[in-house]
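Close look at the chain arrangement
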Amino acid sequence: MTRQVEAHHYCGHLNEDMRQCLIYDRPDADARLIGLEYIVTEELFLTLPDTEKPMWHSHEYEVKSGVLFLPGVPGPVERKDLEKVAKTYGKTIHFWQVDRGDELPLGLPQVMMALTRDGQLYPSLAKDVESRYSVSFEKERANRAYMEGPSHGIHPKANAAGIGLKTVLREIECKPSVQSESVPRVFV
């Protein structure tokens with residue numbers, strides 16, 4: 001894992017099996033919308049084609065390690081929600097590469113992965129976040145030790161199947177539909 005960004009998720013529940021989240025680079029009024037994440041239950045994840053699964057990451061480590069937290073939410077309420085999140089999978093796409101210093105969302109959208117084991121989080125980022133939010137990842141790890149991940153274990157194809165993924169742009173020929181002689185065009 002070569003790039004890391006602080007990500008603030010604002011999520012809505014589409015239904016019991018799926019959440020959809022807007023991701024900002026900070027919680028301030030001038031925050032930049034940098035991406036989105038779809039979060040699904042293990043049951044829904046298991047229905048995905050095997051070719052799709054590597055683009056999804058598990059949330060067990062992020063939750064149990066303490067690095068995923070809900071600022072301002074009382075501990076018991078936070079833990080109740082995180083008990084559910086620890087069992088889920090997420091697909092995250094970042095449109096704005098703020099860690100590169102881009103002033104606009106440039107380049108290809110990137111499928112982003114999550115922290116999945118100790119030693120991946122940059123120590124400087126961890127210290128900064130712990131300081132700004134008055135949280136201790138180690139204390140949260142201890143508080144969450146009882147939590148469980150997916151009931152079938154983390155799927156072997158999740159988390160990019162242990163290898164990196166790269167978004168690639170390629171040109172293809174776009175032929176008009178043979179069913180219609182004209183293609184309606186709308187310009188906004």
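This report concerns the structure included in the present document. Within each chain, residues carry numbers counting from 1 in the order of the written sequence. For this predicted model, a pLDDT threshold of at least 70 governs which residues receive local features, and a threshold of 80 or more governs which side-chain atom pairs are given and counted, while totals over whole chains, interfaces and linings are taken from all residues. Values reported for side chains reflect all heavy atoms of the structure, with hydrogen atoms and water molecules removed beforehand.

1. Description of the overall build of the chain
Here a strand is any run of E in DSSP of at least two residues, a helix any run of H or I of at least four, and the numbering for each starts at the N terminus. A count of helices and strands for the chain gives five helices and six strands. From first element to last, N terminus to C terminus, the chain shows the α and β order β-β-β-α-β-α-α-β-β-α-α. Reported as C-alpha extents along the three principal axes, the dimensions of the chain are approximately 65 × 40 × 30 Å. Put simply, the chain has 188 residues, and 34% of those count as buried. In what follows, a contact means two residues having at least one pair of non-hydrogen atoms within 4.5 Å. Across the chain, every contact between residues at least 6 apart in sequence was considered, and the portion connecting residues at least 24 apart equals 64%. Here, Shrake-Rupley sampling with a 1.4 Å probe gives the accessible areas, and only protein chains in the shown set may cover a residue. Roughly 12300 Å² of accessible area belongs to the chain as shown, and the carbon and sulfur atoms make up 56% of that amount. In this charge count, Lys and Arg are treated as positive and Asp and Glu as negative; neither His nor the chain ends contribute. Working definition for charges: the position is that of NZ of Lys, CZ of Arg, CG of Asp or CD of Glu. Distance from the positive charge centre (23 side chains) to the negative charge centre (28 side chains) of the chain: 2 Å. The buried label applies to any residue whose accessible area, calculated with a 1.4 Å probe on protein chains only, is under 20% of its type's maximum; exposed applies above 50%, and partly exposed to all values in between.

2. Description of the layout of surface pockets
Estimated volume of the second largest pocket: approximately 330 Å³. Among the secondary structure elements, those contributing two or more residues to the lining of the second largest pocket are strand E1 (8-15), strand E2 (18-24), strand E3 (33-40), helix H1 (42-45) and helix H3 (75-85). When residue character is reported, Ala, Val, Leu, Ile, Met, Phe, Trp, Tyr, Cys and Pro are called nonpolar, Asp, Glu, Lys and Arg charged, and the others, Gly included, polar. Each residue belonging to the lining of the second largest pocket can be placed in one class, and the counts come to three nonpolar, five polar and eight charged. Definitions used for this entry: grid spacing 1 Å over protein atoms alone; cavity, a set of points where a 1.4 Å probe fits but cannot get out; pocket, an open set with protein on both sides within 12 Å along at least 5 of 7 lines; lining residue, one with an atom within 4 Å of a point. Grid points are joined across faces, edges and corners, and a volume is the space filled by probe spheres set on the points.

3. A look at the pairing of E1
Paired strands, as defined in this entry, are two strands with at least two bridges between them according to DSSP. Here E1 pairs with E2 via seven bridges, running antiparallel. Following the sheet pairing, His 9 is matched in E2 by Ile 23. Between E1 and E2, which pair antiparallel in sequence order, lie two residues.

4. Things to note about the pairing of E2
Two elements, E2 and E3, share seven bridges in a ladder whose sense is antiparallel. Across the sheet, Cys 21 pairs through a bridge with Glu 37, a residue of E3.

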